[in-house]
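Structural characterization, general
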Amino acid sequence: MESYQYLIDYFENSPTIIKVVWVASSIFIIIIILLVIYLKYLRGHLRKNEKIVTKHQKEYESYLISYLYAGNEEEEISEEQQAIIDKLKSCAVDEFKRRIIVSTLLRLRNEISGEMAEAIQKLYFQSGLISYALSQLKSKKWYIVAKGIRELTQFHVKEVHDEIVNFVNHPKKEIRKEVQLYLVTLFHFEGLKFLDVLQTHLSEWDQIQLLEVLQHFENQELPNIKPWLKSTNDSVVTFALKLAKIYNQFEAKDAIMQLLAHQQKVIRVDAINALSHLQVVEAKDILKNNFDKLSLEEQITFFKLLENMYETSDEPFLLDHVTHINFEIKLSALKTLKILNIEKFKSLNEISDEPDYVKIFNFIEHN
Amino acid sequence: MSDAKKIVLAEDNSTLSRLLKFRLEKEGYKLLIAADGKEAIELIEQHNPDIILTDIMMPFISGLEVISHVRNKLKRDTPIIVFSAAGQEENIIKAFNLGANDFMGKPFSPNELVIRVKRLLR
Amino acid sequence: MNTSTVQIILLIIHLLFFIYAFFAIGSYVILAIISTIETKEYMKKNSFVNYKEIMSSTISPSISIIAPAYNESLNIIENVRSLLSSHYVNYDVFIINDGSKDDSLEKLIKAYDLVKVDFLINQQIPTKPIRAGVFKSTNPAFEKLTVVDKENGGKADALNMGLNISNNNYVACIDVDCLLLENALQKMIKPFLEVTEETVIATGGVIRIANSCIIKDGKLLDVNFPKKWIVQAQILEYLRAFLLGRMAWSRLNGLLVISGAFGLFNKKIAIEVGGYDTNTVGEDMEIIVRLRRHMEEQKLKYKVAYIPDPLCWTEAPDNYKIFISQRNRWTRGTIETLRKHRKIAFNSKYKSLGLLSYPYWLFFERLAPVIEVIGIIYFVILMALNEVRWDYTVAFTVLAYLFAVLFSIVAIFSEELTFHQYKKKGTGFKLIVISILEPFVLHPFILYAAIRGNMDYYFNKKKKWGEMTRKGMAKAKKNN
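Just so it is clear, the structure is predicted and the values come from calculations on it, not from any experiment.

**What about the interface of chain B and chain A?**
- Across the boundary between the two partners, chain B contributes 14 residues, which contact 14 residues of chain A.
- Secondary structure elements with two or more residues in the side of chain B that touches chain A: α1 (14-26) and α5 (110-120) of chain B.
- In the side of chain B that touches chain A, the residues fall into seven nonpolar, five polar and two charged.

**Looking at the environment of C:K190**
Residue and element names in this part refer to chain C.
- Among the structural elements, K190 can be located in helix α6 (residues 184-194).
- K190 gets classed as buried once you count the C-beta atoms within 10 Å, which come to 21.
- When the C-alpha positions of K190 and I307 are compared, they lie 9.4 Å apart, and in sequence the two are 117 residues distant.

**Some words on the packing of helix α2 (residues 16-69) of chain A against helix α13 (residues 390-418) of chain C**
- Packing of α2(A) against α13(C) brings their axes to within 9 Å, and their N-to-C directions diverge by 25°. The orientation of α2(A) with respect to α13(C), classified from their angle, is roughly parallel. Viewed along their axes, α2(A) and α13(C) form a crossing whose handedness is left-handed.
- Looking at the contact of α2(A) with α13(C) residue by residue, the class counts come to 23 nonpolar, one polar and three charged.

**Quick word on the sheet that holds strand β3 (residues 51-55) of chain B**
Residue and element names in this part refer to chain B.
- If you trace the five strands from one edge of the open sheet to the other, you get β2-β1-β3-β4-β5, paired in parallel fashion. If you trace the sheet from one side to the other, it starts and ends with β2 (30-34) and β5 (102-105), each paired once. Across this sheet, the average inter-strand angle for adjacent strands is 20°, counted without regard to direction.
- Looking at chain direction, β3 and strand β4 (residues 80-84) are connected through four bridges and run parallel. Bridge pairing links L53 to I81 in β4.

**Describing the sheet that holds strand β6 (residues 170-174) of chain C**
All names here are of chain C.
- With mixed pairing, the ten strands of this open sheet are ordered in space as β3-β4-β5-β2-β1-β6-β11-β8-β12-β7. Edge positions in the sheet fall to β3 (114-117) and β7 (179-180), since each has one partner strand and no second.
- Bridge analysis of strand β8 (residues 199-209) against strand β11 (residues 262-266) gives three bridges, and the strand direction is antiparallel. Looking across to β11, one finds that T203 is bridged to L264.
- Lying on the sheet, helix α5 (residues 155-165) is in contact with β1 (63-69), β2 (91-98), β5 (145-150) and β6; it crosses β2 at an angle near 140°.
- Sheet strands in contact with helix α7 (residues 229-251) are β8 and β12 (302-314), and its direction is about 155° off that of β12.

**Observations concerning helix α15 (residues 443-459) of chain C**
- Under the 1.5 Å per step criterion, the end-to-end length of α15(C) is 24 Å for 17 residues, consistent within 8% with the ideal 24 Å.
- In the core, the buried residues of α15(C) are packed alongside α10 (320-340) and α12 (368-384) of chain C.

**Here's the deal with the interface of chain A and chain C**
- With 36 residues of chain A in contact, the opposing surface of chain C contributes 33 residues.
- Ranked by residues supplied to the side of chain A that touches chain C, first place goes to α2(A) with 16 residues.
- Of the residues belonging to the side of chain A that touches chain C, the class tally is 21 nonpolar, seven polar and eight charged.

**Digging into unusual backbone geometry**
- A cis amide bond links B:K106 with the next residue in sequence, B:P107, at an omega value of -5°.
- Structurally, the position occupied by B:P107 is in the loop between β5 and α5.
- For A:H156, which is not glycine, the phi torsion reads 50° and is therefore positive.
- The topology assignment puts A:H156 in the loop between α7 (142-154) and α8 (161-165).
- By the C-beta count within 10 Å, which is 15 here, A:H156 ends up partly exposed.
- Of note in the backbone geometry, C:S212 takes a positive phi value of approximately 70° without being a glycine.

**A short note on the pairing of β3(B)**
Residue and element names in this part refer to chain B.
- Most of β3 sits inside the fold, with five of its five residues counted as buried.
- Across four bridges, strand β1 (residues 6-10) lies against β3 in parallel orientation. From the neighbouring strand, L9 faces β3, where its bridge partner is L53.

Rules used in this analysis
- Residues numbered from 1 in each chain as written.
- Chains lettered and ligands numbered in written order.
- Predicted model: local features only at pLDDT ≥ 70, side-chain atom pairs only at ≥ 80, totals over all residues.
- Contact = placed C-beta atoms within 7 Å.
- Helix = DSSP H or I, 4+ residues; strand = E, 2+ residues; numbered from the N terminus.
- Nonpolar A, V, L, I, M, F, W, Y, C, P; charged D, E, K, R; others polar.
- Buried ≥ 20, exposed ≤ 12 C-beta atoms within 10 Å, placed from the backbone.
- Axes fitted to C-alpha atoms, helices over the stretch in contact; angles between N-to-C directions.
- Parallel < 35°, antiparallel > 145°, perpendicular 65-115°, else oblique.
- Left-handed = near helix turned anticlockwise from the far one by under 90°.
- Pairing = 2+ DSSP bridges.
- Expected span 1.5 Å × (residues − 1).

Shape descriptors only; they carry no functional weight alone.
As structure tokens, then:
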């Protein structure tokens, strides 16, 4: 009791600043104690949650599998199946459970194909899960909208195409990305029509994802990519060039050659790469004549093109640049020359004693 | 009962393995499920199955190591079917080089799998 | 001297300390808040990302992993195996054996069927020459691997050789004993591909501490909380630094350092600035500052990005001697870098680099230990002169201590709500305990190491990298 009184006296008699400091300290201690208690609760809660999730997962797995094998020849939906549908409907009302049901359905849907996969899809519709995804599209929060679109993509819901197309130029890039994936996953090459109206930049990441999705389809019939090559949206042009390369769009060669004069250096370089891949011989002379005005990167890329498409008529050009100041160009020129005319190549042995030249020459000679 | 052929299935997707178990048991096979490569090897050593179905991408010990273990260490020629996700061509080639008999790319049809299992067990 | 003058002087000194402390604490709080906001956004955005396509795509950009190695014989085989088992498609691995005096090279040749090959290197950055040669494997399973044996030149020199030799567009500079998770490359490359207006010049990742974790065949099997206090305290320190500090700097585009243990760079730009500086022990920080400076001078829009996901696990020092040596080196590295680039200090031409990042690093990272030590000396003098106001001292010390503990606990929370790596029972309690102990168990040694670092920098120019004895990460038991 005495010491208690002493502390109070001490506190009252201290200058204000010390009072403030001790009050702050007490507040800190209280916060710390509260946080420690909350932390213990939080960890326990997270652990418990994991167990609950696992439990529900097993439960819904059983339902799903029973459903898939409970069908019979006579009816569209057997009694047993209907019972399961109703059960899932009632569980789906709770968001936590709904998420587990959806993820369980997806875990299976992604791994199997054929009539089983279609059956799972039907279940998604019948159990009413789809209505929740649809309502998410109307949310004000961007990540909920994006999640909704993603779910609809994963369950191949083509019916909402028109609603989703409205989001093509949405300000939030995560939503735009989900829209693009929706269109391409469900409508394959037809889905690429959004490129006609896309105003925003399509990042490399997005482009790669779309291309990968496209590669999985059986029917590889590409629509006309020429309009996209002329687009004012540079990223659409880049994407179209990738399409030209991967799908060997030789018909587009004129449009691609026009891109050799595009404003952006990256696109000019990409165009040279595409022309090289498509083996467009006409491009060689254009680039050769323009060579000195090209940027270094374009020059290097052009030499890579020559490695791919060399002819005897290119010999003088190669000879001219064998001692070019740039390492990669020297390498490329010598390499191509060796294949083209090995005697001529050997005669170039001593023409320069620049260390890089000597190094490159020796390496190519022996490999 | 002892006539039933034994299948060891190594697959870390529990939903898929339960589905396949259901399907294959309907055909009269006995299924032993492993969730990863380590469990798979234990089951194989213990029960000497008639056929092995394994995913390639699994935690800890991959399907490739399972195949290698069965062919090289246990020196058994049990038929092996591997599943793999798309884009894993390199792994499929490795699997065949190690001694796998057949492969199915995901997503696959469970009915198709049953046909292939029957074929390999004839 | 006049007593009132003395009083005024004392008051001014106290005020200065107070102002410094106020700004330091204020900045920690602001950074913590910004970090939390940024982490929340990141978690939301990342719940959508599908890394599956990127990793198996042949169009995904090509990455070279460059791992310098010096006397790493104990673990080198396992480490290389781990680097070769990444799930990315378009990558290769260069192990740069930096003049090791042990049998690292022999072990590698044997384990991976290596033969010497002819290799053309475009020497864009000067480095020490090749020693035994360049080696590749005859076994197609190890096609991605190239081992380069060169004369010793230090970590920076080895990394530069890697920059010269790689033919890919991006290089991942990594410590060879760092355990890289299988999806690390695709996560790290994402910022480079996602941006639209700016160029990403480098990405850094979070380094997690692997001590006591179970690692087998290059795979992380189990995450355990280590037993030693010194390691536990370092985990806490890393959590604070990464979750409450670096995320904020990333958002402000003010990151001055990417951990040398794992960073991904745009190769062309790294070579443009001349690669790593071999004359500093803080080459990881120095190159970032130089890269940023270069981009500012070129007036190009750029970003240094940061991924908070755990991607890389490495061993932390578990005894005080090595710990002090490491922190000593970090201190000298910071001083060297700040001195080398002092032109950008407070220079509005360098925008936030010169007006925000540099001053912050100068005052609150480089000078903090010095000011703290001055404070301690000052306090001792006051004690000797019997001028100490104990009521003030006790009150403020308690407050400072509680603030430190609170800050650590907030960091723990941040971790629980994001990546939740330490799931096992009892770890929560241990984390709280170490939050309470850390100011006693770690901080004094950090301070000591920093002072030694300062003294070594100014008076002892011969010190270089020091040694880190490899213990080998815990192996999984055969029969559980």
